[in-house]
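# Descriptive structure summary
Each chain is listed here by its residues.
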Amino acid sequence: MGALPSCQTEKSSPEGTSVPTTKIKPTVLHLIWSLYPGGAERQVVTLARGAADAGHAVRCVTIDARGVLADELEACGIPVACLGKKGRFDWDAVRRLAHWIDAWQVDILHTHLFGAGLWGRLAARISRRRPIVITHEHSTLTIDRLDCRCIERLLSPWHDMSIAVSREIARGLIGKALLPRGQVTLIRNGIALEPWHTIGRDRSARLAARAQGGGVPRIVIVGAIEPRKDHATFVRAMAAVLDAGRVCEACVIGDGPLRASTELLVQQTGHSAAFSFVGATGQVGEWLADATLYVSSSVTEGVSIALLEAMAAGVPVCATAVGGTVEVASGTKCLLLVPSRDAKALAEGIMAFLDCPGLGPELGALGARVVAERFDASVMTRRVLGLYADCVARRTQLKTVMTRAKAAVRSLSGRLAPRAWLRERPVAPGELRILMYHRVRDGFPSDPLSVSTSAFGQHLGYLSDHGVDVLPLAEGLIRMREGRLADGAVAITFDDGYADCLANALPVLREYDMTATVYIPAGLVE
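Cut-offs applied
Residues numbered from 1 in each chain as written. Predicted model: local features only at pLDDT ≥ 70, side-chain atom pairs only at ≥ 80, totals over all residues. Heavy atoms only, no water. Helix = DSSP H or I, 4+ residues; strand = E, 2+ residues; numbered from the N terminus. Buried < 20%, exposed > 50% of the residue type's maximum accessible area, 1.4 Å probe, protein only. Contact = heavy atoms within 4.5 Å. Areas by Shrake-Rupley, 256 points an atom, 1.4 Å probe, with all protein chains shown as cover. 1 Å grid on protein atoms, 1.4 Å probe; cavity = no way out; pocket = protein on both sides within 12 Å on 5 of 7 lines; lining within 4 Å. Points joined across faces, edges and corners; volume = space filled by probe spheres on them. Nonpolar A, V, L, I, M, F, W, Y, C, P; charged D, E, K, R; others polar. Phe/Tyr/Trp six-rings, centres within 6.5 Å; stacked < 30°, edge-to-face > 60°. Salt bridge = Lys/Arg side-chain N within 4 Å of Asp/Glu carboxyl O. Pairing = 2+ DSSP bridges. Axes fitted to C-alpha atoms, helices over the stretch in contact; angles between N-to-C directions. Disulfide = S-S within 2.5 Å.

If you tally the helices and strands in the protein chain, you get 21 helices and 20 strands. Across the 526 residues in the protein chain, those meeting the buried criterion constitute 52%. Contacts spanning at least 24 positions in sequence make up 70% of the contacts within the protein chain whose residues lie at least 6 apart. Accessible surface computed for the protein chain: about 23,300 Å², of which carbon and sulfur atoms make up 55%.

The tally for this structure, following the rule as stated, stands at four cavities of 30 Å³ or more. Roughly 150 Å³ of internal volume is contained in the largest cavity. If you trace the largest cavity, you find 14 residues lining it, with Ala170, Gly457, Gly461, Asp465 and Tyr512 closest to the centre. The biggest single contributor to the lining of the largest cavity is helix α19 (residues 453-465), with five residues. Taken together, the residues of the lining of the largest cavity break down into six nonpolar, four polar and four charged.

With that settled, the discussion passes to the packing of aromatic side chains. According to the stated counting rule, one finds seven aromatic pairs in the structure shown. Here a set of aromatic residues connected by ring pairs shows up, and it is made of Trp33, Phe89, Trp91 and Trp119.

If you walk through the whole model with that rule in mind, you get 32 salt bridges. Among the ionic pairs, Asp290 bridges to Arg210, the shortest N-O distance being 3.9 Å. Linking Asp290 in the loop between α11 (284-289) and β13 (293-296) with Arg210 in helix α8 (residues 193-212), this pair joins segments that are 80 residues apart in sequence. Each member of the pair, Asp290 together with Arg210, is buried. Across the salt bridge formed by Asp355 and Arg246, the nearest N and O atoms sit 2.8 Å from each other. One end of the pair, Asp355, is in helix α14 (residues 343-355); the other, Arg246, is in the loop between α9 (231-243) and β11 (249-253), with 109 residues separating them in the sequence. With relative accessibility at 46%, the residue Asp355 sits in the partly exposed group. Overall, the relative accessible area of 26% leaves Arg246 in the partly exposed class. Through salt bridges that share partners, Arg210, Arg218, Glu249 and Asp290 make up one connected network.

Pairing is parallel in the open sheet, where six strands are placed in the order β12-β11-β10-β13-β14-β15. Unpaired on one side and paired on the other, β12 (275-279) and β15 (336-338) mark the two borders of the sheet. The average undirected angle you get between the axes of adjacent strands in this sheet is 20°. Judged from the two bridges that link them, strand β10 (residues 218-222) and β13 form a sheet pairing that is parallel. Counted as the bridge partner of Val220 is Tyr294 from β13.

A few words on the state of the cysteines. By the definition in use, this model includes zero disulfides. A disulfide-free cysteine, Cys148 has its sulfur positioned 9.3 Å from the sulfur of Cys150, the nearest such atom. With relative accessibility at 2%, the residue Cys148 sits in the buried group.

Geometry only, nothing functional implied.
So this is what it looks like as structure tokens:
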């Protein structure tokens, strides 16, 4: 099987001396195709570092190539190994991965994107350890392609949970790939806010200095230059803006298979002098610091990390109304959305910002607030770690209490099946349903007063998917008395006012734009 790759077993202390690290279970192994810069890849770095900071033993394996982000992980003391896949499908690499899972005593295998999900489940299946497997769907590839959907459905018994970064992906996994509803949970992407807020605080001064120095407005687009990002529409839109007499420049950050054809298209427009191709860079923040506008021309998106970073920095955004981008703006007007593959509409959106200088700062400030409230990396990490704890607790319970396994599974499936859970409580037309909770916390599957964060998210997802009217309790009671209550309307309440209502339940409620009433025992409040 070959020797194990060398792995770091020591970390540097603040004084520079090496101290041995202690293995704390569960051991988490992140699996991804490569660690070249990209949205999913940066989420792996964030989650791996967050798990390590929380005391988990964390490793990372790439299937095809290491990539520059591997160095960043290893600098944090997180070992990275590469399988070095050969050919289209390398069965020896799958067996090697299974061997590493056993040798490293991996408890949780967390795969990212479709390819790693396929390889990871095969390796976990033939390993002796049989770790918990969590697949993480960052893009719509799995639900867009028929072959991917069929494979996902076929392999669904071989993994424990699927994380979807947007409602569109979650609905696609359930409705198209036919995964059980209880096997899919929604956890949105998150970013570290402070570096981008720092850039945002300097933006006004830098924009003013740029204008005084004769600089023209800068339009920035960030992402791999590949079909899904549709840079061709961006180029045609910018050409239309320049042809209309607007003075500005376009900055294309990123690289990819379509870079040469995109540069050729720029030459054909006759506006080469107005375009800059920066390539892949780790200094995106420097370009956003004095950007007038960020543009996304994608034809499909999960939840774009580059878009979130631009918003966090206070850069106004004009984006195509696709996938998770629409969900980012849900309930707000923090983005200017235009149809995808429509160069004319995108050009009009860009010119709206150029012609109305006050629009940019207004949308930029609103966008920064939305990202801070909904897409904080610490919230994402906490929810993923909670999912780990929930899955481990379930697996442990099933292994150690075999005589109660059937009862435990029935109890768990009952809590994770909101469709049946709601149907068991019929309510007459015009009456308000009260969904009463006590605690939302992970790692306590036997506690009758607790539901896990992922289960709570599935409950709210069910309500959202089926168009259930979720009202504040007071408003629901008023409507019921006045005979204006919609059939099936519900109110959500929490008894006892535990702290996990704020830490765990509130972020999930915000994701679905729902409210809840919390009953706090005033006598216990100091």
